[in-house]
Amino acid sequence: MSNTGSFAIPTQLRRAFGAARGFVNAALDLALPPLCAACREPVHGKGLCPACWSKLSFITRPYCERLGIPFVYDPGPGILSMQAIADPPAYHRARAAVRFDEISRALVHALKYGDRLDLAPMMGRWISHCGRELLAEADALVPVPLHWRRLWARRFNQSAALAAAISGESSVPVATGALKRIKATAQQVGLTQAERAANIQGAFRVPEDGKAEVAGRRLVLVDDVLTSGATAEGCARALLRAGAANVDVLVFARVADPGRTSI
Ligand SMILES: [Zn+2]
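The shown structure was predicted, so the numbers you read here are calculated from the model rather than taken from an experiment.

Criteria and thresholds
- Residues numbered from 1 in each chain as written.
- Predicted model: local features only at pLDDT ≥ 70, side-chain atom pairs only at ≥ 80, totals over all residues.
- Heavy atoms only, no water.
- Donors = N, O, S within 2.8 Å, 3.2 Å for Na, K, Ca; no water.
- Tetrahedral: all angles 85-135°; square planar, octahedral: opposite > 155°, others 65-115°.
- Buried < 20%, exposed > 50% of the residue type's maximum accessible area, 1.4 Å probe, protein only.
- Axes fitted to C-alpha atoms, helices over the stretch in contact; angles between N-to-C directions.
- Helix = DSSP H or I, 4+ residues; strand = E, 2+ residues; numbered from the N terminus.
- Parallel < 35°, antiparallel > 145°, perpendicular 65-115°, else oblique.
- Left-handed = near helix turned anticlockwise from the far one by under 90°.
- Contact = heavy atoms within 4.5 Å.
- Nonpolar A, V, L, I, M, F, W, Y, C, P; charged D, E, K, R; others polar.
- Patch = residues over 30% accessible without salt bridge, like charges linked within 9 Å, V, L, I, M, F, W, Y side chains within 5 Å.
- Areas by Shrake-Rupley, 256 points an atom, 1.4 Å probe, with all protein chains shown as cover.
- Salt bridge = Lys/Arg side-chain N within 4 Å of Asp/Glu carboxyl O.
- Core = buried A, V, L, I, M, F, W, Y, C linked by side-chain atoms within 4.5 Å.
- Pairing = 2+ DSSP bridges.
- Polar contact = N/O pair within 3.5 Å; in protein donor to acceptor, adjacent residues only side chain to side chain.

Draft legend 1. Structural view of the coordination of the zinc ion. Donor atoms from the polypeptide that bind the zinc ion are Cys36 (SG), Cys39 (SG), Cys49 (SG) and Cys52 (SG), placed at 2.3 to 2.4 Å. If you look at the zinc ion, its four donor atoms make angles of 104 to 116° with each other, and the shape they trace is tetrahedral. When the donors of the zinc ion are listed by position in the chain, the intervening gaps give C-x2-C-x9-C-x2-C. In this structure Cys36 comes out as buried when scored by relative accessible area, which is 0%. A relative accessible area of 32% places Cys39 in the partly exposed class.

Here it is as structure tokens:
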């Protein structure tokens, strides 16, 4: 009896267990229909059940051409919101597919914390639709980066997953090395607008080897949610400092009244 023989058995066993686990997972996928990302009811397709779907609040015109915040009434073409005039952002335009509310929050959380990466193509499709004017003029997509430590813990970046989906819809490439998060910022949840801005200060940088992806180019920053705009502002400033010709912002959901709503 040789040593190689005794080592071969555990390897084969491991393979057998691996195959069995794969089979069980596949069987479970067949047996259990996918769940609605918002209410956890079984759904036939993927994503949302019809009831939750009907409650999603898609953002359509009229909205502020700069910030993409929906207007209650139509003030006429090209009119900007008071917020855009009083405190204009570094980025040029922002667009969001839906309002941030109970249903869109559930989708965002399922994608971000629930490992529901299967939602990204659907969300990316909606974002591509609302941002088609911005995408038509864009050279590249830039997902808002996570700090490497958070990426390590979560295993994926939800903004990168959305950017990949948008790229698939629009054929605009993703500039993967354009932006780095160099500061592990505290979670923005529960912070005031001023605290968010301070929290994000100096958090993003275009690395030396990412400058070619940025200089002179029209970029679209991609994130899941736009709340106070502090993250988008920090990213846009870093990209513009590195010579970007234009920075627009595309998100899945935006808080329609950043002064009052928190996430
Ligand atoms: Zn539902």
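Don't stop here, the text continues.
Draft legend 2. Geometry of the packing of helix H4 (residues 102–112) against helix H5 (residues 120–130). Between H4 and H5, the least distance of the axes is 11 Å, while the angle of their chain directions is 130°. Regarding the angle of H4 to H5, the classification is oblique. H4 and H5 meet at a crossing whose hand is left-handed. Facing Leu107, Val108 and Leu111 of H4, the residues of H5 in contact are Ala120, Met122, Met123 and Trp126. Each residue belonging to the contact of H4 with H5 can be placed in one class, and the counts come to seven nonpolar, no polar and no charged.

Draft legend 3. Examining a nonpolar patch on the surface more closely. On the surface, a nonpolar cluster with roughly 320 Å² of combined accessible area is contributed by Leu80, Met82 and Ile85. For Leu80, the position within the fold is in the loop between helix H2 (50–55) and helix H3 (82–86).

Draft legend 4. Spatial organisation of the nonpolar core. Of all hydrophobic cores here, the largest spans 38 residues; its most connected members are Leu48, Leu107, Met123, Trp126 and Phe252. Counting only elements with at least two residues in this core, the list comes to strand E1 (94–99), H4, H5, helix H6 (132–136), helix H8 (158–170), strand E5 (218–226) and strand E6 (246–254). Sort the elements by how many residues they give to this core and H5 lands first, with six residues. Setting aside chain neighbours within four positions, we find Trp126 in contact with Leu48, Trp53, Leu56, Phe58, Ala97, Leu107 and Phe252.

Draft legend 5. Region of the structure containing unusual backbone geometry. In this chain, Arg61 is followed by Pro62 through a cis amide linkage whose omega measures 5°. With respect to the element layout, Pro62 can be found in the loop between H2 and H3. Of note, Arg155 is a non-glycine position whose phi angle comes to about 75°, a positive value. You can see Arg155 is positioned in the loop between helix H7 (148–154) and H8. Residue class for Arg155 comes out exposed when judged on its relative accessible area of 61%.

Draft legend 6. Summary view of the pairing of E1. Judged by how many residues are buried, E1 sits mostly within the fold: five of six residues are covered. In this structure, E1 lies alongside E6, joined through five bridges in parallel fashion. Residue pairing in the sheet places Arg95 in a bridge with Leu250 of E6.

Draft legend 7. Focus on H4. Burial analysis of H4 places eight of its eleven residues in the buried class, the great majority of the element. Capping the start of H4 is the job of one residue whose side-chain oxygen sits 3.2 Å from the backbone nitrogen of Ile103: Asp101.

Draft legend 8. Seen up close, the pairing of strand E2 (residues 140–143). The two faces of E2 match: Ala140 and Val142 on one face and Leu141 and Pro143 on the other face are all buried. As judged from the four bridges shared by E2 and E5, these two strands associate in the parallel manner. Bridge assignment links Pro143 to a residue of E5, and that residue is Val222.

Draft legend 9. Quick peek at the sheet that holds E2. Spatial ordering of the open sheet is given by E1-E6-E5-E2, a layout of four strands whose pairing is parallel. Because the sheet does not close on itself, it has two edges, and the strands there are E1 and E2. Neighbouring strand axes in the sheet, compared pairwise and without regard to direction, differ in orientation by 20° on average. Summarising the sheet, E5 and E6 pair through eight bridges and their orientation is parallel. Within E6, the position partnered with Val225 by the bridge is Ala253. Helix-sheet contacts for H4 involve E1, E5 and E6, and the interaxial angle to E6 is about 105°. Sheet contacts for helix H10 (residues 230–241): E2, E5 and E6; angle to E5, the most-contacted strand, approximately 165°.

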